[in-house]
Amino acid sequence: MISNANNAWVLISAALIMFMTVPALGLFYGGLVKKKNVLSLMMQSFVCLLVVSLLWVLVGYSLAFSPGELIPGVLGDFRWTLLNGISPLDPSPYVVSDPKGPVSHLTFIIFQCMFAVITPAVISGAFAERMKFSAFLMFSVLWLFVVYIPLAHMAWSVHGVFAQQGLMDFAGGTVVEINSGFSALAGALVLGKRRNLKPLPPHDLTYTAMGAAMLWFGWFGFNAGSGLAADGLAASAFLATNTAAAAAGLAWALLDWFLQKKPTLLGAVTGAVAGLVVITPAAGYVSVGGALVLGLTAGAVCYWFVVHLKGRFGYDDSLDAFGVHGVAGVLGTLGVGLLATPFITAPFGMNGGKGYAGVFEGNPAAFALQLEATFTSIVVAFFGTLAVFALVQATIGLRVTEKEEAMGLDITQHNEKAYTLIE
Amino acid sequence: MKLIVAIIQPFRLEEVKQSLYEAEVQLITVSEVLGHGRQGGATEVYRGNRETGNLLRKIRLEIAVNDDFVDRTVRAIVAGAKTGELGDGKIFVYNLEECIRIRTEEKGTLAIG
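The present account deals with the structure reproduced in this document. Since the model is a prediction, treat every value here as computed from it, not as a measurement. (Residues numbered from 1 in each chain as written. Chains lettered and ligands numbered in written order. Predicted model: local features only at pLDDT ≥ 70, side-chain atom pairs only at ≥ 80, totals over all residues.)

1. A short note on the interface of chain A and chain B
Facing 12 residues of chain A, the contacting portion of chain B comprises 7 residues. Of all the secondary-structure elements, those providing two or more residues to the side of chain A that touches chain B are α8 (265-279) and α9 (288-313) of chain A. In terms of residue count, the dominant contributor to the side of chain A that touches chain B is α8(A) (3 residues). Tallied by class, residues from the side of chain A that touches chain B come to 6 nonpolar, 4 polar and 2 charged. (Contact = placed C-beta atoms within 7 Å. Helix = DSSP H or I, 4+ residues; strand = E, 2+ residues; numbered from the N terminus. Nonpolar A, V, L, I, M, F, W, Y, C, P; charged D, E, K, R; others polar.)

In structure tokens:
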């Protein structure tokens, strides 16, 4: 029997996640680039919503979440093509904290759709200001099948290789964050640097700040919706999310202040996003204290990585998709293996009634599994993206011409511009 | 006829306008420009990337005057714009070939005032 209360919350959560892709991510990224490229970034996010939404209901959901075993543990089958046979009254086969109150199966489908939409949009930050639109489009279609769907199946589906072993990935530390981060790194390496000698400054940081605030807002759906119930676990995940984001944003801003002389808005909002990323796999498993530790760690480590370490590698992850999502995704996925406490999950009867425990609660095996899933996700994301990029490069090519890059992607890829000077 | 071009600090624009009005100089064109003089460009920091030598925002004034108005115009601009710090700007005075008021097609000194 479907729980209408749970159903309402998860539908709202799906809408919140849609809002993270468009407009939040488009604004967050769009503000960071040159005036001549702002529309291209917004278009890349928007087209993910258009294309992935369709692929998801066609075959994407079925391959990711059906109980079929086209590749056992990695890929489902085609039984739910075009959501064939799924009635609005069918309860979702997936439940987390409230097994007696499932949402509608269709609710679960649209909720998961929004995760699949936002992940390639996050990656687009690494390709900013130099990738052909046609190449991005081809990439996002192929990448969904080669990388996203297998990882979602492994972590979350009923026969998933990691799901069956009890992997803790509440809202997508592996599926969304490690995945987008390491795909972004692979993409940035293949694509090469921007030709612009001076990629900075960002053209409008007010967009970026607004986008970050909207991401934070939407992330409540992302994380607190992932228990698939409007219950106490949702409240716990909501609080953990807010706490980690606040801690990481403050940590980054303070490090800016002490080490770079001034606290920057860009630092505060980047830190907050790192905090939201790190708590994503952990939101439903850790206490608010655990969230605080994860948030502070992510703020400091991502700061160190982006500000001090990245420059030594020489790759151009233009908008730090790897430095924020990849790095904090790994921290969160491993961190929950340390910090998970059954105090949060046992009351909901999760994991056979004993709840989920990490190393600090006497369960070292949890960390080994988190490590294995982290490593596997990195390999699938990195090498899967390399393969997809090789195919795109060999067929239609990846980069715009030197002249197009100089003129900007808005006018050369889309025949339009964001701002006029006169009238 | 002279064309007076001044580059000033943006935050002194209101004072300069005030002192020009007090000197009865009422025709002025203002634009926002970028540049820097001896004070050098600004340093900005984005995710730890220090960007030095960024151009500063400045205001450019253009005022066309008859010869007998040059001194009082220059004095008014200095009075409004001067803080005594680096970056206060510069005033350039050019000879002006011709001036035509579009509405009446008047020319020369008649058209300026």
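So that's the structure; there's more coming.
2. Considerations on the pairing of strand β3 (residues 42-46) of chain B
Bridge count between β3(B) and strand β4 (residues 49-54) of chain B: 4 bridges; the pairing is antiparallel. If you follow Val45(B) over to β4(B), its bridge partner there is Arg50(B). (Pairing = 2+ DSSP bridges.)

3. Thoughts on the packing of helix α4 (residues 133-156) of chain A against helix α5 (residues 173-191) of chain A
All names here are of chain A. Contact geometry for α4 and α5: axes closest at 10 Å, N-to-C directions at 145°. In the packing of α4 onto α5, the handedness of the crossing is right-handed. For the pair α4 and α5, contact is made by Trp143, Val147, Tyr148, Leu151, Ala152, Ala155 and Trp156 and by Thr174, Val175, Asn179 and Ser183, respectively. Looking at the contact of α4 with α5 residue by residue, the class counts come to 8 nonpolar, 3 polar and no charged. (Axes fitted to C-alpha atoms, helices over the stretch in contact; angles between N-to-C directions. Left-handed = near helix turned anticlockwise from the far one by under 90°.)

4. A closer look at the environment of Val70(B)
Residue and element names in this part refer to chain B. As for its position among the elements, valine 70 is in helix α2 (residues 70-81). Given 15 C-beta atoms within 10 Å, valine 70 falls into the partly exposed group. Residues valine 70 and lysine 2, spaced 68 residues apart in sequence, show a C-alpha to C-alpha distance of 7.2 Å. (Buried ≥ 20, exposed ≤ 12 C-beta atoms within 10 Å, placed from the backbone.)

5. Things to note about helix α1 (residues 13-22) of chain B
Residues and elements named next belong to chain B. When α1 is considered as a whole, its buried residues turn out to be Val16, Ser19 and Leu20. Projection of α1 onto a plane perpendicular to its axis shows the buried side chains occupying an angular sector of 105°, all on one side. The outward face of α1, more than 90 degrees from its buried face, is lined by the exposed residues Glu14, Tyr21 and Glu22. Taken together, the buried residues of α1 touch β1 (2-8) and α2. In the stretch just after α1, glutamate 24 is the one whose phi turns positive, near 65°. (Arc of directions from axis to C-beta.)

6. Remarks on the sheet that holds strand β2 (residues 29-35) of chain B
Residue and element names in this part refer to chain B. A sheet is described by the order of its strands in space; here 4 strands give the open sequence β2-β5-β1-β6, paired in antiparallel fashion. Edge positions in the sheet fall to β2 and β6 (89-95), since each of these pairs with one other strand and no more. Taking each pair of neighbouring strands and ignoring which way they run, the sheet shows an average axis angle of 20°. Bridge count between β1 and β6: 7 bridges; the pairing is antiparallel. The partner of isoleucine 4 across the bridge, within β6, is valine 93. Each of β1, β5 (56-65) and β6 is contacted by α2, which is oriented at about 5° to β1, the strand it contacts most.

7. Observations regarding unusual backbone geometry
Cis rather than trans, the peptide bond between Val22(A) and Pro23(A) has omega equal to 10°. In this model, Leu228(A) sits at a positive phi of 55°, which is unusual for a non-glycine residue. Within the secondary structure, Leu228(A) sits in the loop between α6 (205-224) and α7 (232-260). Classification of Leu228(A) as buried rests on a count of 27 C-beta atoms within 10 Å. In this structure, Glu105(B) takes a positive phi of about 65° despite not being glycine. Judged by C-beta crowding, with 8 C-beta atoms within 10 Å, Glu105(B) ranks as exposed.

8. A short note on the pairing of β4(B)
Burial of β4(B) is sparse: only 0 of the 6 residues sit out of reach of the surface. Between the end of β3(B) and the start of β4(B), which pair antiparallel, lie 2 residues, with Arg47(B) showing a positive phi angle near 45°.

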